[in-house]
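# Summary of the model geometry
Here are the chains, one letter per residue:
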Amino acid sequence: MPGDAAVLPGLTGWRAAVTTTALQHLGTPYVWGGTSPAGWDCSGFVQWVFHTAAGVDLPRTAGEQASVGVLVPANAIQPGDLVFFVNTYAPGISHVGISLGGDRFIEAAAEGVGTIVASLSDPYYQAHFIGARRPLAEDGAAGAALAPGVPMPLDAGPPLAPEQLLPTFTAAAQLTGVPVNVLLGIARVESGFDPHAVGPYLPQFAGTEDQFALGLMQFLPSTYRPYAGAVDQITGKNLGLNGIWDAESAIYAAAFYLKDNGAPGDLHRAIFAYNHADWYVGLVLAWANYYAGGVIPDPNMFVYDGQGRPIAAPENPLLPVQTGQHVDSQSAIPLYAPFPAGQTWHAGQGGGKGGFYGQGLHTDATGAYYAVDFAKGTVEHPEDGAGQPVLAAADGIVNNVYATVGGGWTVEIYSRTPEGTLIRQVYANLRDDPRQSAKLKVNQPVVHGTTIGFVGGTPANGAHTDGQAATLSFALYILKDGKWVSLRPEPMEGHALTDGGAVLSHNNPAGLQAFAQVWVSSDQAIADGQQQHTWVWGPAPFASSTAETDLSGKDGMRVVQYYDKGRMEAISDGKGGYTVVTGNLGTEMLTGKVDLGNGKTLDLGPAQIPLAGNMQDPTAPTYADVAVLATHPTFDYHGQPVTWRLTRGGQLVPFTPPTAVYLTNYDPVTQHNLADVFARWLLARGLSADNGNLSAASAAFLDPGHPLSDPFWITVNIDGTPRTVLVQVFERWVLTYTPDNPPGWQIELGNIGLHYYAWRYELPLQTAALNSPNAAAPSRRRYIKRKPRTRPVA
């Protein structure tokens, strides 16, 4: 082996990315000279994995790859390091693999064998092993390249920026000398031009005002404060520290900060001061160069109210509405009434005084369109509908949630006709932000009957009123020639609407009542404070009822409900009712494959989400780390103490735990031992601890499934404090044991439901937005810190 050579720039998290990507291709055939997943040899496999997972191009052959990076002693090999062998099929260095930690490595072995996991302890490999090398710099090392997905793509689209803010960007640039395109680049990278952005949790500032970066330019409060006075003198707004949320103020503050740190003379130093990372400097300058060619004003980037204050923006691109155009046709998808089952509302107020536009066309300054105003009462018998829940009238995908300049909030849901044409449902005049009040999430699939918001109460807080009654506005559009064209919003509940006519709702999707009953039976006593132990599901669903693809289910869909601790699934009991079971979330997150039914899967890769604690903790072990090592079958080690800790990257290391925990109850199905603390806890809840099976008296939703790993200790940050936690992953649950928690709360169900939803729905959108920054503001949606809980949470 040659001596040390230069290491290549390393991406943050490259070890986990490399090993996870490599393990996804177990079984790929060996092909001499091959360099792709269609078939590869040993060095072709290594080259492809590092290019795909880390963005680094290694040399082609094993001998050439052995000249990259630094030598690593055999006792210090880590996941992602390269291991080399000599005199296998030819003299000299002739074989290479990727370490998985310990003595395990993954290799493209030979024809007829393919890509496998092997052991350095194997006598053959012991005889031919010559050494290991670390080809990439450690995370955070100087010269690190851009993180995966972050570099601006070549097809970023037109250089859009919010037209309302362009004068401020220009003025700030003229005042300070900082190039306007640099200011635009920072706003794009930091928040995607979102004045309401809340950055990731910063554990190093836990408990201080700086635990989140805030606003359009993502200032820490302590960093913004020194500039507040100068900014207020320019804007005249006298906002003080609250200017961090004001887009205009934040732009001026950013310009001043950059000038104080070397701009415009030394832009690299100034941008590095803004965020201490070379990759960040490169990304901002790439966007600055992008904007230097000209900026296209975008009126839809976000919206201002009548006083010039920024309010929430649509999160996905808006297609234009074809004003003055309409289709005098009925909906091609079934429509349920958008209010609760059993209630009767009216289409308009009757007597020609209402706001119902289905009988003819409503015309205003924008042209002619169809719409309907639903009121709970009539002119003769007014009944206030303020605060009433608004339900989805049809299955679809939530595409937009935004405030309107005239007051109130709007939700847009997209559906498709059987022929594939896109239908847009618009619910206007809602009371408050449905993402908060109804736990609605943009890009969330919903079924009819899902609560998507609440009717406003007064004109000041978003109501559309006619006489004394608050009303809900509902409109339907069809996509035609790239633009939205108004469509008649009927038949509703199978009937045509008439002005002032009564509409009785039957909008009650199957399974929701069963979900509520299950929650009451398992968690109501905890919510009432009558019991002090772990939630089975959580205080409330964090996402509204969701329609998910299930190719084996009715119409290829199923109705589910997400809670912190898991996913409820409604399945037919064969008697006209529904039984609730728990989804196999652990299985899917470790394998990286979403089960779509009928043997079909969607491969997202093992979840790069921490098992416990803060979801943005860069040091906490992830589900993908469990998949690297801890899921491999073990023997029956009954009575042995659990004295190992899982680290970020998937390595198990010796560990002295804070309290003694022992292995017991070996499960022969998945070949894993249980922790004795979990076995006793499961047994007390009607589960036989030997194999996880239910006793006859237990409910189906309490089944955790078989263990997918042996137990292990981890160290994570919980509410900013380092904690030692024992973790074991099951098919449906994650169980945690925190010895220093209060009695009753030492054993808890982990937040696998919250983690799974983020992995399946939110992270792919964020990745897509990073890979195509102009594709929509999902990248502007940040995790918001939840209110503190009164009970410990693992």
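If you're wondering where the values come from, they're calculated on a predicted model, not measured in any experiment.

Scanning the protein from N- to C-terminus turns up 16 helices and 41 strands. For the protein, buried positions account for 54% of its 794 residues. Of the contacts made within the protein by residues no fewer than 6 positions apart, 64% connect residues no fewer than 24 positions apart. When the accessible surface of the protein is totalled, it reaches about 31900 Å², and 54% of it is carbon and sulfur.

This part covers the nonpolar core. If you look at the biggest cluster of nonpolar residues, it comprises 49 residues, and the most contacted ones within it are F169, F193, M217, F219, L258 and Y274. Those residues in contact with F169, other than ones at most four positions away along the chain, are V180, L183, L184, A187, F193, L216 and I251. Within the second largest apolar cluster, 36 residues are counted, among which are F374, V401, M492 and L497.

What follows deals with the environment of T28. On the secondary structure map, T28 appears in the loop between α1 (14-23) and β1 (35-36). Residue T28 is classed as buried on the basis of its relative accessible area, which comes to 9%. Put simply, T28 and W40 are twelve residues apart on the chain and 7.9 Å apart in space, counted from C-alpha to C-alpha. When near neighbours in sequence (up to four residues on either side) are disregarded, T28 contacts P37, G39, W40, G114 and T115. At a separation of 2.9 Å, a polar atom in the side chain of T28 contacts the main-chain carbonyl oxygen of H25.

On to the sheet that holds strand β8 (residues 129-134), then. Pairing within the open sheet is antiparallel, and its six strands lie in the order β3-β8-β4-β5-β6-β7. The open sheet has two edge strands, β3 (70-72) and β7 (115-119), and neither has a second partner. Across the sheet, the mean angle separating the axes of adjacent strands is 40° when strand polarity is ignored. Sheet topology places strand β4 (residues 82-86) next to strand β5 (residues 93-101); five bridges connect them, and they run antiparallel. Bridge assignment links L82 to a residue of β5, and that residue is I98. Contacts between α1 and the sheet are confined to β5, β6 (104-108), β7 and β8, with β5 contributing the most and set at about 110° to the helix.

This next bit is on the confidence of the model for the protein. For the protein, the mean per-residue pLDDT works out to 78, and 78% of the residues sit at or above 70. Long-range and interchain partners of residues 350-361, a stretch whose pLDDT sits below 50, account for 38 contacts in this model, where long-range means more than four residues apart.

Now for helix α8 (residues 247-260). An ideal rise of 1.5 Å per residue puts 20 Å on 14 residues; α8 measures up with 20 Å between its terminal C-alpha atoms. A large share of α8 lies buried, amounting to eleven of its 14 residues. Those residues of α8 that sit buried are A247, S249, A250, I251, Y252, A253, A254, A255, F256, Y257 and L258. At the C-terminal side of α8, G262 shows a positive phi close to 115°.

By the definition in use, this model includes 16 salt bridges. The partner of R732 in a salt bridge is D703, and the shortest N-O contact between them spans 3.2 Å. Of this pair, R732 sits in the loop between β39 (721-729) and β40 (734-737) while D703 sits in the loop between α15 (676-684) and β38 (712-718); the two residues are 29 residues apart in sequence, bridging distant segments of the chain. Using a relative accessible area of 17% as the deciding quantity, one classes D703 as buried. It is possible to trace a salt-bridge network through shared partners that takes in R15, D81 and R134.

Let us now look at α1. Taking burial as the measure, the ten residues of α1 include ten buried ones, the bulk of the element. For α1, the complete set of buried residues consists of W14, R15, A16, A17, V18, T19, T20, T21, A22 and L23.

The next point concerns the environment of W644. Take W644: it is sitting in strand β34 (residues 644-646). Relative accessible area serves as the criterion here: at 21%, W644 is assigned to the partly exposed category. W644 sits 82 residues away from L726 along the chain, and the two C-alpha atoms are 10.0 Å apart. With sequence-adjacent residues up to four places away left out, W644 is seen in contact with L652, V653, F655, L663, P711, F712 and W713. A distance of 2.8 Å separates a polar side-chain atom of W644 from the backbone oxygen of P711.

Throughout the structure, instances matching the rule amount to 27 aromatic pairs. Pairing Y427 with F474 gives two aromatic rings, centres 5.1 Å apart and planes at 55°, and the pair type is tilted. Here the residue Y427 occupies a position in strand β21 (residues 422-430), and F474 occupies one in strand β25 (residues 469-480), the gap between them amounting to 47 residues. Taking the relative accessible area as the measure of exposure, Y427 reaches 0% and is therefore buried.

Turning our attention to the packing of α1 against helix α2 (residues 42-54). Two elements in contact, α1 and α2, have axes whose closest approach is 9 Å; the angle formed by their N-to-C orientations is 125°. Relative to α2, the element α1 lies oblique. As α1 packs across α2, the resulting crossing turns out to be right-handed. Across the interface between the two elements, W14, A17, V18, T21 and A22 of α1 pack against F45, W48, V49, F50, T52, A53 and A54 of α2. Here the residues of the contact of α1 with α2 are counted per class, giving ten nonpolar, two polar and no charged.

What follows deals with the environment of F454. Checked against the element boundaries, F454 lands in strand β23 (residues 451-454). Put simply, F454 and R431 are 23 residues apart on the chain and 5.6 Å apart in space, counted from C-alpha to C-alpha. The residues touching F454, leaving out its near neighbours within four places in the chain, are G387, Q388, P389, V390, L430, R431, S437 and A438.

Tracing the sequence through the fold places R567 in strand β30 (residues 566-572). Judged by its relative accessible area of 1%, R567 falls in the buried class. In terms of polar contacts, R567 uses its side chain to reach the side chain of Y562, at 3.3 Å. A polar contact is formed between the side chain of R567 and the side chain of Y756, at a distance of 3.4 Å.

This part takes up unusual backbone geometry. Residues A263 and P264 are joined by a peptide bond in cis, for which omega reads 0°. Residue position: P264 is located in the loop between α8 and α9 (267-274). Backbone torsion omega between E490 and P491 reads 5°, so that peptide bond is classified as cis. With respect to the helices and strands, the residue P491 is situated in the loop between β26 (483-487) and β27 (502-504). If you check the backbone angles, Q218 has positive phi at about 55° while not being a glycine. In this structure, Q218 sits in the loop between α6 (180-191) and α7 (221-235). Phi is positive for N665, which is not a glycine, with a value near 50°. Examined against the element boundaries, N665 turns out to sit in strand β36 (residues 663-667).

So, how was this worked out
Residues numbered from 1 in each chain as written. Predicted model: local features only at pLDDT ≥ 70, side-chain atom pairs only at ≥ 80, totals over all residues. Heavy atoms only, no water. Helix = DSSP H or I, 4+ residues; strand = E, 2+ residues; numbered from the N terminus. Buried < 20%, exposed > 50% of the residue type's maximum accessible area, 1.4 Å probe, protein only. Contact = heavy atoms within 4.5 Å. Areas by Shrake-Rupley, 256 points an atom, 1.4 Å probe, with all protein chains shown as cover. Core = buried A, V, L, I, M, F, W, Y, C linked by side-chain atoms within 4.5 Å. Polar contact = N/O pair within 3.5 Å; in protein donor to acceptor, adjacent residues only side chain to side chain. Pairing = 2+ DSSP bridges. Axes fitted to C-alpha atoms, helices over the stretch in contact; angles between N-to-C directions. pLDDT = per-residue confidence, 0-100. Expected span 1.5 Å × (residues − 1). Salt bridge = Lys/Arg side-chain N within 4 Å of Asp/Glu carboxyl O. Phe/Tyr/Trp six-rings, centres within 6.5 Å; stacked < 30°, edge-to-face > 60°. Parallel < 35°, antiparallel > 145°, perpendicular 65-115°, else oblique. Left-handed = near helix turned anticlockwise from the far one by under 90°. Nonpolar A, V, L, I, M, F, W, Y, C, P; charged D, E, K, R; others polar.

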